[in-house]
Amino acid sequence: MSLIVHKYGGTSMGSTDRIKNVAKRVAKWSRAGYQMVVVPSAMSGETNRLLGLAKELAPTSANLAYQRELDMLASTGEQASSALLAIALQAEGVESVSYAGWQLPIRTNSAFTKARIESIEDQRVMADLAKGKVVIITGFQGVDEHSNITTLGRGGSDTSAVAIAAALKASECLIYTDVDGVYTTDPRVVPEAKRLLTISFEEMLEMASMGSKVLQIRSVEFAGKYKVPLRVLSSFTPWDIDLKEEASSGTLISFEEDEKMEQAIVSGIAFNRDEAKISVIGVPDKPGIAYQILGAVAQANIEVDMIIQNLSKDGKTDFSFTVHRNDHAKTLDLLKNQVVPELGAAEVVGDTKICKVSIVGIGMRSHVGVASKMFKTLSEEGINIQMISTSEIKTSVVIDEKYMELAVRALHKTFDLDQDKA
Ligand code: ADP
Ligand code: ASP
Ligand code: MG
């Protein structure tokens with residue numbers, strides 16, 4: 001009997017009616033003979049509500065004690081929705097039991113609010129499955145070696161589901177969400193976006209890491225590492241549609257690079273408003289400056305994304321990089337108080353009103369001129385490019401945030417992504 005993992009996102013779990021609908025769908029799969037493990041997110045808005053309450057009491061702080069409590073707090077959203085789903089399944093006449101991450105346990109490191117899964121104990125789950133029960137496991141959370149509850153970062157239930165699927169050697173992991181698959185770009189921003197029947201694992205990895213929030217990046221990494229067959233599909237189809245039809249709907253994350261995929265030069269466009277730019281101006285241009293600036297930033301546990309160093313003029317240069325917006329103030333403080341005086345730089349300035357737009361496609365490997373086509377489109381729209389970075393299968397630019405939608409729409413058109421694929 002094959003084991004299947006379903007994951008339901010916040011909107012799909014957003015009300016008791018929707019939870020009933022999820023229960024009916026899962027019951028259908030269970031009655032069809034599949035061993036079922038279900039990973040729910042918190043009901044939509046719940047994680048934000050909880051974190052908002054914390055903020056009302058004390059401003060967000062990097063303090064470890066505060067971060068620990070955020071995880072203790074945020075993890076309750078998934079605990080509630082998991083129990084509600086178990087109750088709904090029992091009401092459907094399906095034996096079901098829910099577990100919080102710590103009860104299995106799902107072990108993680110201790111990086112509160114962005115913990116990484118280290119191992120998953122499967123004994124309890126396997127025993128329940130053998131008894132014919134549907135097992136529900138909270139998404140988004142685990143437990144560290146000191147028995148502290150941890151969470152996996154926003155959108156982390158995707159990662160829980162794929163990691164659980166890998167640990168249980170499930171035959172497939174189905175991510176049910178509020179769109180019916182992975183699109184050429186966010187369909188809420190570009191209504192002309194088209195659903196992809198398949199997307200290569202590598203492209204999905206780039207799309208997720210460049211800001212496409214349909215899957216959390218870590219979930220795609222897990223799928224790649226453990227070769228978990230992964231599909232994104234809608235939870236809003238009628239629960240009683242034919243199971244085979246449902247099982248082949250949505251978008252498959254494919255590990256094979258077939259010829260058809262090679263034909264699309266650009267498969268998708270991702271964008272990300274979560275970054276901020278920091279520029280250190282007038283740095284004496286001598287060996288070691290990148291290390292002095294970025295070494296201090298890394299030591300403060302701040303992740304850096306794009307980096308650019310200008311040509312030097314009169315022995316001085318400017319050095320810019322991007323960090324997560326949440327780290328913007330911390331990075332500025334660090335540089336102003338410590339690094340800039342040591343370096344003898346003129347000043348440090350920050351800009352939170354930026355966004356990163358990326359074109360992604362494995363076809364870029366075998367085609368030249370793709371990046372220049374992107375730059376041409378942006379210049380025709382009068383959009384200034386502040387930073388550029390490339391990899392084998394993507395080109396990203398940082399632009400002013402106010403041009404984000406315009407840029408994404410124009411690029412979507414330029415690369416023919418609004419045309420129906422044959
Ligand atoms: P869930 O709560 O189910 O995890 P998310 O909100 O995390 O759902 O992810 C689904 C959302 O991702 C969609 O509603 C859509 O707005 C957004 N999205 C961004 N990029 C894409 C894309 N390329 N294809 C589909 N959806 C996308
Ligand atoms: N509830 C968590 C969040 O809102 C995790 C998830 O939904 O995947 O980020
Ligand atoms: Mg999500």
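Below is a short write-up of the structure. On a predicted model such as this, the values are computed, not experimentally measured, just so you know. (Residues numbered from 1 in each chain as written. Chains lettered and ligands numbered in written order. Predicted model: local features only at pLDDT ≥ 70, side-chain atom pairs only at ≥ 80, totals over all residues. Heavy atoms only, no water.)

The helix and strand tally for the protein chain stands at 13 helices and 20 strands. In summary, the protein chain has a C-alpha radius of gyration of 23 Å against a globular reference of 22 Å for 422 residues, a match within 12%. Dimensions of the protein chain, computed from C-alpha atoms along their principal axes, come out at roughly 75 × 55 × 35 Å. With 422 residues in all, the protein chain has 50% of them scored as buried. (Helix = DSSP H or I, 4+ residues; strand = E, 2+ residues; numbered from the N terminus. Rg over C-alpha atoms; globule rule 2.2 N^0.38 Å. Buried < 20%, exposed > 50% of the residue type's maximum accessible area, 1.4 Å probe, protein only.)

Taken as a whole and assessed by the stated rule, the structure comprises five aromatic pairs. Judged by centre distance (4.7 Å) and plane angle (15 degrees), the ring pair of Y8 and Y176 falls under stacked. With a gap of 168 residues between them, Y8 in strand β1 (residues 3-8) and Y176 in strand β9 (residues 172-177) connect regions that are remote in the sequence. By relative accessible area, Y176 is classed as buried at 0%. (Phe/Tyr/Trp six-rings, centres within 6.5 Å; stacked < 30°, edge-to-face > 60°.)

Strand order in the open sheet made by the four strands is β13-β18-β20-β19, with antiparallel pairing throughout. Of all the strands in the sheet, the pair left with one neighbour each is β13 (268-272) and β19 (387-391). On average, adjacent strands in this sheet sit at an angle of 20 degrees to one another, irrespective of strand direction. Direction of pairing for β19 relative to strand β20 (residues 394-400): antiparallel, over a ladder of five bridges. Within the sheet, the bridge partner assigned to S389 lies in β20 and is S396. (Pairing = 2+ DSSP bridges. Axes fitted to C-alpha atoms, helices over the stretch in contact; angles between N-to-C directions.)

By secondary structure assignment, the location of I137 is in strand β6 (residues 134-137). A C-alpha to C-alpha distance of 9.9 Å links I137 and A86, two positions 51 residues apart in sequence. Those residues in contact with I137, other than ones at most four positions away along the chain, are V37, V38, V39, P40, S82, Y99, L104, I106, V125 and I164. (Contact = heavy atoms within 4.5 Å.)

The next thing to look at is the nonpolar core. When a protein is soluble and globular, its nonpolar side chains tend to lie buried together. Membership of the largest hydrophobic core comes to 43 residues, with the highest contact counts inside it found for V5, V37, I164, C173 and I253. In terms of residues, this core owes the most to one element, helix α5 (residues 157-167), which gives six residues. Dropping the residues within four chain positions of it, V5 is found in contact with V37, V39, A161, I164, A165, A170, E172, C173 and L174. Counting residues in hydrophobic clusters, the runner-up holds 22 residues, among them A23, W29, A88 and L174. (Core = buried A, V, L, I, M, F, W, Y, C linked by side-chain atoms within 4.5 Å.)

A separate point is the environment of L233. By the element assignment, L233 lies in strand β11 (residues 230-234). We classify L233 as buried; its relative accessible area is 1%. The sequence separation of L233 and T151 amounts to 82 residues, and the corresponding C-alpha distance is 25 Å. Sequence-distant contacts of L233, that is, excluding residues within four places in its chain, are made with L174, I175, Y176, T177, V179, D180, E246, S249 and G250.

Further remarks concern helix α3 (residues 64-91). Quick reminder: α-helices carry 3.6 residues per turn. Residues three or four places apart thus point the same way. If you check α3, its first and last C-alpha atoms are 41 Å apart, about what 28 residues at 1.5 Å a residue would give, namely 40 Å. At the N-terminal end of α3, a side-chain oxygen is found 2.8 Å from the backbone nitrogen of A65, two or three residues along, and the residue is N63. In the stretch just after α3, G93 is the one whose phi turns positive, near 85 degrees. (Expected span 1.5 Å × (residues − 1). Polar contact = N/O pair within 3.5 Å; in protein donor to acceptor, adjacent residues only side chain to side chain.)

Moving on, we come to the pattern of salt bridges. Tallying each qualifying case throughout the model produces 20 salt bridges. Ionic pairing is found between D178 and R188, a salt bridge with its closest N-O pair at 3.2 Å. Residue D178 is located in the loop between β9 and β10 (198-200), and its partner R188 is located in the loop between β9 and β10; the two are separated by ten residues in the primary sequence. A salt bridge links E392 to R365; the nearest nitrogen and oxygen atoms lie 3.3 Å apart. On the criterion of sequence distance, the pair formed by E392 in the loop between β19 and β20 and R365 in the loop between β18 (354-360) and α12 (370-380) is long-range, its members being 27 residues apart. Here E392 falls in the exposed class, since its relative accessible area comes to 54%. One salt-bridge network, held together by shared partners, links R25, K28 and E246. (Salt bridge = Lys/Arg side-chain N within 4 Å of Asp/Glu carboxyl O.)

In the vicinity of ligand 1 lie 17 residues, with T177, D178, Y183, D186 and R188 positioned nearest. Within the backbone of G10, an N or O atom sits 3.1 Å from an oxygen atom of ligand 1. In this structure, T177 approaches ligand 1 through a side-chain N or O atom, which is 2.6 Å from an oxygen atom. Expressed as a share of its isolated accessible area of 570 Å², the protein-covered part of ligand 1 is 84%. Of the residues assigned to the shell around ligand 1, the class counts are six nonpolar, six polar and five charged. (Near = heavy atom within 4 Å. Areas by Shrake-Rupley, 256 points an atom, 1.4 Å probe, with all protein chains shown as cover. Nonpolar A, V, L, I, M, F, W, Y, C, P; charged D, E, K, R; others polar.)

Let us look at the sheet that holds strand β17 (residues 347-351). Read from one edge to the other, the open sheet built from four strands follows the order β15-β16-β14-β17, with strand pairing classed as antiparallel. One side of each edge strand has no neighbouring strand; the edge strands of this open sheet are β15 (304-309) and β17. The average angle at which neighbouring strand axes cross in this sheet is 15 degrees, direction not considered. One ladder, built from five bridges, connects strand β14 (residues 275-284) with β17; its direction is antiparallel.

Bridge analysis of β15 against strand β16 (residues 316-324) gives four bridges, and the strand direction is antiparallel. Across the sheet, the residue bridging to V304 is V323, located in β16. With antiparallel pairing between neighbouring strands as the criterion, β15 and β16 make up a hairpin whose turn holds six residues, including D314 at a positive phi of roughly 55 degrees.

Okay, the site of ligand 2 next. Close to ligand 2 lie S41, A42, T47, E78, F140, R154, G155, G156 and S157, which account for all nearby residues. In the environment of ligand 2, an oxygen atom lies 3.2 Å from a nitrogen or oxygen atom belonging to the side chain of S41. S157 is positioned with one of its backbone polar atoms (N or O) 3.0 Å from an oxygen atom of ligand 2. For the shell around ligand 2, the residue count by class is two nonpolar, five polar and two charged.

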